[in-house]
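# An overview of the molecular structure
Listed here are the chains, written in short residue letters.
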Amino acid sequence: MRELVSLLMFLYSLNSFSQDLIDVALRNKSVLILNEAYIIPNSQINYLELDSIDKSIIEEFKLQANEQKASNWNESDFKDRILIKNKERINVDKVLTLSPNLTDRQKKDLRKAIKIYNSTDDEWRTFPLQISKPLYSKQRDYAVIGFIDGNSGGTINLFHLENGEWKSIGGTRWAY
């Protein structure tokens with residue numbers, strides 16, 4: 001019984017640990033998230049060659065990138081975000097309800113962007129944001145998350161856990 005309680009506490013802490021990273025990674029990003037998790041190509045990990053971290057950590061990320069499987073996000077994985085299925089129309093009222101702090105100008109711009117999104121073919125959309133599941137170093141003090149910003153390219157971001165808080169320490173932008 002004691003082992004079961006310990007295991008449950010460990011799993012809960014991993015979930016909380018992961019959630020904090022996702023919250024940090026999504027700061028100042030779209031509230032619209034594609035439900036299909038992005039799979040980071042191994043080749044994009046190569047662009048993270050940073051002098052600030054040990055090269056073996058980059059190698060760990062490359063190995064993990066090769067092992068990723070297709071998966072979907074759940075609503076419970078995010079706070080104040082809307083999951084969008086591929087080719088699903090976006091409900092502007094639902095988005096505005098989750099974004100109460102927007103200025104009138106931001107609301108107008110968002111309405112316009114969603115109207116364009118709902119009436120445009122998939123191939124030229126600029127959102128929703130597609131995010132990868134985090135890849136963690138063995139020590140779980142570094143993590144990589146990838147983003148695709150609609151069809152306009154994306155980023156691979158590197159995070160470091162410092163004093164119990166995740167900090168973005170670098171990344172790279174790429175475009176199609």
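Overview of the structure. Because the structure is a prediction, the values reported are computed rather than measured.

### Here's the deal with the environment of L102
Mapped onto the elements, L102 comes out in the loop between α4 (92-97) and α5 (104-119). Apart from residues lying up to four places away in sequence, L102 is in contact with L96, K107 and L110.

### A short note on the environment of S43
Mapped onto the elements of the fold, S43 is located in helix α2 (residues 42-45). A sequence separation of 19 residues divides S43 from K62, and the C-alpha atoms of the two residues are 8.1 Å apart.

### Observations concerning the pairing of strand β7 (residues 165-174)
As paired elements, strand β6 (residues 154-162) and β7 share nine bridges and run antiparallel to each other. When the bridges of β7 are listed, L158 appears paired with G170. In sequence, β6 turns back onto β7 through a hairpin of two residues, with N163 there showing a positive phi of about 50 degrees.

### Details of the environment of S119
If you trace the backbone, S119 turns up in helix α5. With 30 residues separating them in the primary sequence, S119 and R89 have C-alpha atoms 8.8 Å apart.

Procedures and definitions
- Residues numbered from 1 in each chain as written.
- Predicted model: local features only at pLDDT ≥ 70, side-chain atom pairs only at ≥ 80, totals over all residues.
- Heavy atoms only, no water.
- Helix = DSSP H or I, 4+ residues; strand = E, 2+ residues; numbered from the N terminus.
- Contact = heavy atoms within 4.5 Å.
- Pairing = 2+ DSSP bridges.

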